[in-house]
Each structure stands twice: as C-alpha cells, then as structure tokens.
Amino acid sequence: MNTEISIRITGQAGQGMQTIGDVICKACKISGLYLFSNQDYMSRIRGGNNFFQIRIADHPVFTLRESCDIIIALDKESVNIHKNFLTDNGILFTDKNKFQIKESENSIFDFPMYQIANEYGGKDIFVNSVASGAICAMTDIPFDVIEKILVSTFQKKGQEIVDANLKAAKAGYEYVNKNTKLTKFKIDGTADKESLLLDGNEAIALGALKAGCKFYSAYPMTPSTTIMETICKYAKEFNVVVEQAEDEIAAINMIIGASFAGVRAMTGTSGGGFALMNEGISLAAMTETPIVVVDGQRPAPATGFPTRTEQADLDFVIHAGHGEFAKAVYAPGTIEEAFFLTVKAFDIAEKYQIPVIILTDQHLADSVRNINSSDLKSIKVQRHIISKEESINVENYKRYTFTESGISPRAIPSWINDVMYVGSDEHTEDGHITEDSTTRINMVEKRFYKKMSGLREEIISPRSYNINNADIVIVGFGSTYGVMKEIAETERDRKVGFIHLSQVWPFPAKEITELLKNSKNIITVENNAGAQLAKLMRRETGIAVHGSILKYDGRPFSLDYLKMKLDQEKY
Amino acid sequence: MDINTFKSNDEIAWCPGCGNFGILNAVKKALVKLGKLPKDVLLISGIGQAAKLPHYVNCNCFNGLHGRALPAAVGAKIANRELTVIVTTGDGDCYGEGGNHFLHNIRRNLDITVIVHDNQIYGLTKGQASPTTDEGYKTKVQYNGVILEPLHPLEMAIALGCGFVARGYSKESDHLSDLILQGISHKGFSLIDVIQPCVSYNKKNTYEWDSQRIYKLDDSYDPADRMLAYQKAIEWDDKIPIGVIYKNEKPSYEEKSGIDKITPFVENNIENIDINEVLADFK
C-alpha cells in the first residue's frame, strides 16, 4: 500500500497533455482517490515542452511534489528534461526504440507506446490514450473506469474516434499490467467518489454565476481566459451576456456601465490588462459603482511569462487606481475559496458600492482538486439596492446622499420616477460637478474613510495553524495556502506554524498582530522577488519578519522546494 | 410635456455663444417629440465640453472617463435594453482617446445614438489640435501648424458599414433635432457628427466659415447609395452637406444576440440562483 504517488506526463504542446490530464483526474476521482493536479505549459501551441502533473493520495492533498514516482515521456527531449525528477524507486516510461535511447538504467522503462498507438489507434496522436491506459495499470485503477471516461470525452468526435482511443488505451493498459517486472502502486480510495473536479478559474466562474453576475466583459489574456470561457458555456442558461471587449479599457468601462444600469458585472484579466484597467478602477470608486475584477497574476514586467505563475501584483493591486478610495482585495488560497470569495466579492462590492478585486494566479487558476459539492451549495446571495417595489416611493433622489456609513442608498435608473446624475468629476450629493471644498472633504471621507472603516469590520480573518510555540511561523497569501498547510502539518524536524491571508486589503492588521504576538521566527512565503507581503505587513502592523522565502522563477512552490528552503533557514 | 420637462437645474458652464447650446436644445426637442420620459433616458458622456451636456438635461446621466463613454453605454444598454441610451461626446473624446471603441462599436451595432460635438479643436484643455482639426491650423502645441491629416469620421463610419451616419450643424437646431430623432429611432448604432463652432479656440472654423459652406441635403439625395455617401462624407473645403449621409438597415446586436426577446437583465431576480445542475457537470 502507498499513501501517495506523483505522476508526470510530458511532451510537446499539441500532444494532448491536457486531455490526458482530464482523463487521469476523472479516473482517480471516480476511484475515490484524493488528487491535486496542475499543468505546466509554454506560451506556444505546438512543440516545446509541456507537462501535466498529478499527485494522488489516500488523504486530501493541496499541492504538488517536485519529484515523481512515474514519468511518461512522449518525446525524446522530455526524457532529458525530466528524468532527474524521479524518486529513488521512480520509473520513467518512454519509447526507447523510437527515440533511440541507449541508456540501460533500470529507472527507464522501454514502453513502445508509439508502436501501440499506431497498431491500435492508427496514428501517433493516440499515444495519449496509450499513456492513460498505462497510468491506470500502474495505479491499480480498473480499465472499465477509464473506458467510461474515454467514451464521454471523445463521443463528440464520433464512434470511430471513441473506438480507436479505447483500443489504444486498452493496449497500453494491458502492456503495463502484464509486465511482472514493474512494481505497481496501490492506494486506498477513501475520497468521496461524487466529489467535483474544478480548477481555480472554473470555481471563480461558478461563483460569478451563483452571485448573479449578468454581464462579463473581458479581453482574452492568459491565465484569466478560462473564466470567460466557463461563464460563456452557461451564459444562455443563466441569462448572462459575455462580451469580448476590444481592449481591457473597454471591458472595465462596459462592466461599470452595466453595473450602473443595475446588474452585477465582472471582468477578468492578468497584470498587463489590469494595468490598462486602472483608470476604470478609479472610476468605479468615484461613481460608487460596484464591480468585481479578477487579476490572474502571471510573471511580469510587461508580457513576462505568459503561461506561468507569480504573486508579484500584490503591491500593484492594493494600490490600483489613482487617488484615494476604499476597495477590497481577496486572495483565495483554495479552489473552494475561489468560489466563495467570488460570491463575497459581488456582495461586498454591491454593499459598499466599490471595486473589489480577486487576486489569483496561474497556479490556482490551472490547479484541480476534488471538491465536496455540498460545501458550495450552502452560500446565500443578497442584494444591496433599492428594490423595484421600494423604488415607487423614492422622491427627490440624490445618488450621493451623505450618510453615517458613507453608503448612499443606490437606486436603479428607470425604476424610480426621478432621474439620477453620476459623474467622474468631484460632485455634489445630487451628482453634479462641483469644486466646493467642503463638499470635496465630505466626499473624500465618504468614499475613503467611512467605507474603509465598514470594510474593516468585515475582514476575513487569516487562517492559522499550529502557531503556538512554533519554532517557525510561515505566512503567505493566495495560492501558497496548500504548500504551507502541508508543510506545517507534516514537518517533523521542527514545529512549523502557518498563517494564510485570503484577504490582503483592507489588510487584517489587528488580526495579524494578535496572531503573531508571541511568534519568534516569522518567515513569509511568497511567489515574488520583492517580499511584498512582508513589507505590507510591516507597514500595516509594525511587525518585521525574520526572513522571506521567495520564488520568482515563474513556477509554483512545491513541497520539496519549501522543505529544502526551510532547512536552509537559520534561526 | 414640453422642452422644460427636460430642463435640468444645473448651472451651464459653457462659454457664451458656444455651439453646444444648439445641440443641447436639439437633444431636448427630439426627446420631447419622441415622448420619452426623463427616467427612461440615459445620457452617457466621457470628458470634454460635450461631456457636460448630460448634466444639463433632466434625465439619467452617466458622466464617465475621457474616451470611454461608448463602452459604458454598451454595458448599460445590454443590462437594460429598455433605456434610451444616447452618448454625447466630442471629436477628441470619440475619435481620439476613444477611437478604438468608436471602431468596434460600429461593428457591435447596439441600439445607441452617438452625438459627436465636432468643433475640430480641444476646448477643455484650451486649444490643442483634435483628430479633425484642419491641416495647417496653428495651436500652442501644433506650433507650425497641424501636419497630421484630419480624420474623416463619417467616411470611416460608412466604411465600417454603420447603419445610420448623419452630419448636423449646431446652428440649425431644428434640422439637428430631426437628425437626433431619426438616430434614436434607428435600431442600431447611429452616428451624428455635429459641426459646432468653438468660439474660444477655433479661429478658423467659425460660425461664419461654417455657415458659408453648409447646405442641407434635399429629398433627391439617396442615403442608401454607399458610393454617393462616401462622396458626401468627405465634401469639406468649399461646401459641407448636412443631413442623413448614409443609411443601412441591418440587424442590431440585440437582435443578433437574441437579448431583444428576453426580459431585460436588470429585471432578473438573482437571490436564489440554483447552480446544482452546473455543479453536476463537474462530477
């Protein structure tokens, strides 16, 4: 019995790594296995080197390991790139004959997958089904499990394609199954077989549907595009318009217009597009129009690494938009949280009539885990507008009436008998342009101080684990949740506590100060080079960390990497 | 209902004699003729002297960012297609800062009316060249005279297949009002470029200069003739035609997307949306 294994399938872009990934994830889930998977892909459509990696276990897993027990290399280049990632007993499957690989190491298993693909499927491309079959055989997943998945995956392409894939997968399965030299892995499947397989972006899209988003406008940009694609898939059924904008400036101004007219609206982008949206963020704040914006971070500056991950937009996003105003920034750590925080983002945006930003990254966007569906069903949605029924009684309406909370009752145009004026210039309570200094002071305090103090009352408390008497406390935000959690739970060489922030603005200063009051060694774990969280924390709480473990190679943290870095820490 | 129905209490901040007054009156007159209720009309603008117009009309006003009136109008119209959405913008706002949105919203063809106050100069920033300033005109920035060729917005709109392309003159307020009325009635994107003298910063294209050249297209002109429309759209130095230059009935965004047949999105109740069936797709 094994408690967990890690598998990597690697080849060129265009060889169908994503399809294999989907098939393997489903097969594991149906077999009751816990899984965490991620895609590592280059910014190209064909060639290069891509890989799909999955960690499967008899317990919930939240991150990847760098080392792999099984690697399937679909081209020669992949063998060289990935063979050093094998564990001591790991095995790399590749077509030695086709790639003319002379090495006779025991860890490289000769798997004539292209010959099998051509013999049973008729083309090289069926190698991905051969590989899927081989993985099932290696992990003790019965063939009928993968059979059903392949049928549903390929049925759109016709019976002929379904049959060819099935034959290829079966042949791959049997070739590996019959080989007595290979040690197979066996993991107890204790996970809920009815759980969901979602990635971070799909969770955001479903959160938007649940929250009642009626208008999503965006310009395609990796890694945010799959949010738009997922909403689009359900747009008709849920009465949502998805509009591909001519640029990100159009996207954000469109959602502001839609929100002004009364519907919940959202956009999504990555750092470069978010940069273009900055004036719009400021407009939403000035006009007090609720909007939700997703920044799916990728390595920058400029175009950076289009398909990779980073957490370097933290400073940028919390300061987004010129001028001073209230905003909230959420940084989901898990796929479930991506869903819940999207619903919450709409709620808070509408309640405070502000821009709310969801700060995620490519790592979370493309990671898949099994999710308990009942968790997602419990959430409630509530509106914060003058309802249509109440609108009949509204007279002498002023859009920006001063109130104690800074929040003016928000009417919807045409629902009330009165008209309303909304403007980007400084304005009076009734929305007309003014240059009066007293009005200016009151308006700044309304949009900034008052709303911020309301938002502080609704801060999401950071999660903490094991922090009392910990030898070291690691602190992070967003997608590093999984790796920090697993390190803290499994580390035996020292007591590791962890704190994770899923809200970074307003900064949970009071909460962090309380949590860290007795901590000796505080280290931030960040996917950036600037230790942005450490500096933000110091600014907001006065707490100086003892160090930061920073990763800025465009790749996410893995368990092995964080363990190695912790071992190097001196304290 | 009369013109006072649409009178706002806000103090007007345009220069005395500004061409914008004629446009303001024409907008109000068109709305009266169409029998629109103030609460059902939404005027959207960006930044510039033209962008102040919505404040001076008693109807809903969204005065957004420079160049970005069109995208805001798109969002508002999609959210609530029952609103009459009119964009008031200038030559800088629409053809300069917002040029990309101008192009793509002609293609998008939502039922929006766009009135461009085209005074061929930047008024609010005090007299720099706009995309439509005549070549050779000297400003504090274009010190030796404009060397860029002027943009021909109407010709451009016709080339993009815009369904309704008109030119008005702010001094011909009744004529302009009729163009606005026709634009609002047209189902799709309507462009009305309005020649509007800037009394402070455009010393060339004055009331006198404009009035000497402007003539009204008569009934013999066929706005469905695209080639003829191109000719009229670029007629400029000696004679300038006003009227409907080009008309091309075609399906709007609302019709093509099918949103014209469903309840406006703003009316949807969103408090109890059931996503269980969607979740099942991810099993």
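Residues numbered from 1 in each chain as written. Chains lettered and ligands numbered in written order. Predicted model: local features only at pLDDT ≥ 70, side-chain atom pairs only at ≥ 80, totals over all residues. Heavy atoms only, no water.

**Examining the sheet that holds strand S17 (residues 472-477) of chain A**
Residue and element names in this part refer to chain A.
Thought 1: Reading across from one edge, S16-S18-S17-S20-S21 is the order of the five strands in this open sheet, with mixed pairing throughout. The outermost strands of the open sheet, each flanked by one partner alone, are strand S16 (463-465) and strand S21 (547-550). Each neighbouring strand pair of the sheet contributes to a mean axis angle of 20 degrees, computed without reference to strand direction.
Thought 2: Sheet topology places strand S20 (residues 522-526) next to S21; four bridges connect them, and they run parallel. What sits directly across from Val 525, in S21, is Ile 549.
Thought 3: Sheet strands touched by helix H21 (residues 559-568): S17, strand S18 (496-501), S20 and S21. Its angle to S21, the strand with the most contacts, is close to 150 degrees. (Pairing = 2+ DSSP bridges. Helix = DSSP H or I, 4+ residues; strand = E, 2+ residues; numbered from the N terminus. Axes fitted to C-alpha atoms, helices over the stretch in contact; angles between N-to-C directions. Contact = heavy atoms within 4.5 Å.)

**Here's the deal with the interface of chain A and chain B**
Thought 1: Opposite the 68 residues of chain A that make contact, chain B presents 52 residues.
Thought 2: Taken over both partners, the interface formed by chain A and chain B buries close to 5,000 Å², and the fraction arising from carbon and sulfur atoms is 62%.
Thought 3: Viewed at the interface, chain B and chain A are joined by four salt bridges.
Thought 4: The salt bridge partner of Glu194(A) is Lys283(B), with a shortest N-O separation of 3.3 Å.
Thought 5: Where chain A meets chain B, there are 24 residue pairs in polar contact (both at pLDDT 80 or more).
Thought 6: No other element matches the eight residues that helix H10 (residues 248-260) of chain A contributes to the side of chain A that touches chain B.
Thought 7: The residue inventory of the side of chain A that touches chain B, partitioned by class, reads 33 nonpolar, 19 polar and 16 charged. (Buried area = accessible area lost by both parts, 1.4 Å probe. Salt bridge = Lys/Arg side-chain N within 4 Å of Asp/Glu carboxyl O. Polar contact = N/O pair within 3.5 Å; in protein donor to acceptor, adjacent residues only side chain to side chain. Nonpolar A, V, L, I, M, F, W, Y, C, P; charged D, E, K, R; others polar.)

**Considering the packing of aromatic side chains**
Residue and element names in this part refer to chain A.
Thought 1: Per the counting criterion, the structure on display carries 17 aromatic pairs over all chains.
Thought 2: Ring centres of Phe 99 and Tyr 114 lie 5.8 Å apart, and the angle between their planes is 75 degrees; this geometry places the pair in the edge-to-face category. Of this pair, Phe 99 sits in helix H3 (residues 96-99) while Tyr 114 sits in helix H4 (residues 113-121), placing them 15 residues apart in sequence. Each member of the pair, Phe 99 together with Tyr 114, is buried. (Phe/Tyr/Trp six-rings, centres within 6.5 Å; stacked < 30°, edge-to-face > 60°. Buried < 20%, exposed > 50% of the residue type's maximum accessible area, 1.4 Å probe, protein only.)

**Points about the state of the cysteines**
All names here are of chain A.
Thought 1: Using the criterion set out here, one finds zero disulfides over all chains in the structure.
Thought 2: For Cys 28, which is in no disulfide, the shortest distance to another cysteine sulfur is to Cys 25 and amounts to 6.8 Å.
Thought 3: Of all cysteine sulfurs in the structure, the one in Cys 28 sits closest to Cys 136, which takes part in no disulfide; the separation is 7.3 Å. (Disulfide = S-S within 2.5 Å.)

**A short note on helix H1 (residues 20-34) of chain B**
Along an α-helix, residues three or four positions apart point the same way, because every turn accommodates 3.6 residues.
All names here are of chain B.
Thought 1: Compared with the 21 Å implied by 1.5 Å per residue over 15 residues, the 21 Å span of H1 between its first and last C-alpha is a close match.
Thought 2: All of the buried residues along H1 are Asn 20, Gly 22, Ile 23, Leu 24, Ala 26, Val 27, Lys 28, Ala 30 and Leu 31.
Thought 3: For H1, the secondary structure elements touched by its buried residues are strand S1 (41-45), strand S3 (84-90), strand S4 (112-118), helix H6 (173-185) and strand S6 (190-195).
Thought 4: Just beyond H1, the residue with positive phi is Gly 35, at close to 70 degrees. (Expected span 1.5 Å × (residues − 1).)

**Some points on the packing of H10(A) against helix H11 (residues 271-287) of chain A**
Geometry of a packed helix pair, given as the angle between the helix axes and the separation of the axes.
Residues and elements named next belong to chain A.
Thought 1: Interaxial distance between H10 and H11 falls to 8 Å at its minimum, and their mutual angle equals 25 degrees. With respect to their mutual orientation, H10 and H11 come out roughly parallel. Relative to H11, H10 is oriented so that their crossing is right-handed. Residue-level contacts link Glu 248, Ile 249, Ala 251, Ile 252, Asn 253 and Ile 256 of H10 to Gly 273, Leu 276, Met 277, Gly 280, Ile 281, Leu 283, Ala 284 and Thr 287 of H11.
Thought 2: Counted by class, the contact of H10 with H11 contains nine nonpolar, four polar and one charged residues. (Parallel < 35°, antiparallel > 145°, perpendicular 65-115°, else oblique. Left-handed = near helix turned anticlockwise from the far one by under 90°.)

**Observations concerning a negative patch on the surface**
Thought 1: On the surface, Glu237(A), Asp274(B), Glu277(B) and Asp281(B) cluster together into a patch of negative charge.
Thought 2: Relative to the helices and strands, Asp274(B) is located in the loop between helix H9 (253-257) and helix H10 (276-281).
Thought 3: Of the residues examined, Asp274(B) reaches a relative accessible area of 52% and is grouped as exposed. (Patch = residues over 30% accessible without salt bridge, like charges linked within 9 Å, V, L, I, M, F, W, Y side chains within 5 Å. Areas by Shrake-Rupley, 256 points an atom, 1.4 Å probe, with all protein chains shown as cover. Lys, Arg positive; Asp, Glu negative; His and termini not counted. Charge placed at Lys NZ, Arg CZ, Asp CG, Glu CD.)

**With respect to the sheet that holds strand S10 (residues 264-269) of chain A**
Residues and elements named next belong to chain A.
Thought 1: Pairing within the open sheet is mixed, and its seven strands lie in the order S9-S8-S10-S11-S13-S12-S19. In this open sheet, the two strands that pair with only one neighbour each are strand S9 (241-244) and strand S19 (503-505). Put simply, the sheet's adjacent strands are angled 20 degrees from each other on average, direction ignored.
Thought 2: Where strand S11 (residues 291-297) meets strand S13 (residues 355-361), seven bridges bridge the pair, whose relative direction is parallel. Bridge assignment links Val 294 to a residue of S13, and that residue is Ile 358.
Thought 3: Each of S10, S11 and S13 is contacted by H11, which is oriented at about 160 degrees to S11, the strand it contacts most.

**Here's the deal with the pattern of salt bridges**
Thought 1: Scanning all chains against the criterion turns up 39 salt bridges over all chains.
Thought 2: Between Arg539(A) and Glu540(A) there is a salt bridge; the shortest N-O distance is 3.4 Å.
Thought 3: The residue Arg68(B) makes a salt bridge to Glu97(B) at a minimum N-O spacing of 3.3 Å. Remark: Glu97(B) occurs in helix H3 (residues 91-97) and Arg68(B) occurs in the loop between strand S2 (60-63) and helix H2 (69-79); sequence separation between them is 29 residues.

**With respect to the packing of helix H18 (residues 481-490) of chain A against H21(A)**
All names here are of chain A.
Thought 1: Where H18 contacts H21, the axes come no closer than 10 Å and their chain directions differ by 60 degrees. By the angle between their directions, the pair H18 and H21 is classed as oblique. Here H18 runs over H21; the crossing is right-handed. Across the interface between the two elements, Val 483, Met 484, Glu 486 and Ile 487 from H18 touch Leu 559, Leu 562, Lys 563 and Leu 566 from H21.
Thought 2: In the contact of H18 with H21, the residues fall into six nonpolar, no polar and two charged.

**Observations regarding the environment of Glu426(A)**
All names here are of chain A.
Thought 1: For Glu 426, the location among the structural elements is in the loop between strand S15 (421-423) and helix H17 (437-457).
Thought 2: It is 23 Å that separates the C-alpha atoms of Glu 426 and Val 292, two residues lying 134 residues apart in sequence.
Thought 3: A polar side-chain atom of Glu 426 sits 2.8 Å from a polar atom in the side chain of Arg 440.
Thought 4: Reaching out from Glu 426, the side chain makes a polar contact with the side chain of Arg 447 at a distance of 2.8 Å.

**Quick word on the confidence of the model for chain A**
Thought 1: When pLDDT is averaged along chain A, the result is 96; 100% of the residues meet or exceed 70.
Thought 2: Confidence, expressed as mean pLDDT per element, reaches its minimum in chain A at helix H15 (residues 373-377) of chain A with 84 and its maximum at strand S12 (residues 328-330) of chain A with 99. (pLDDT = per-residue confidence, 0-100.)

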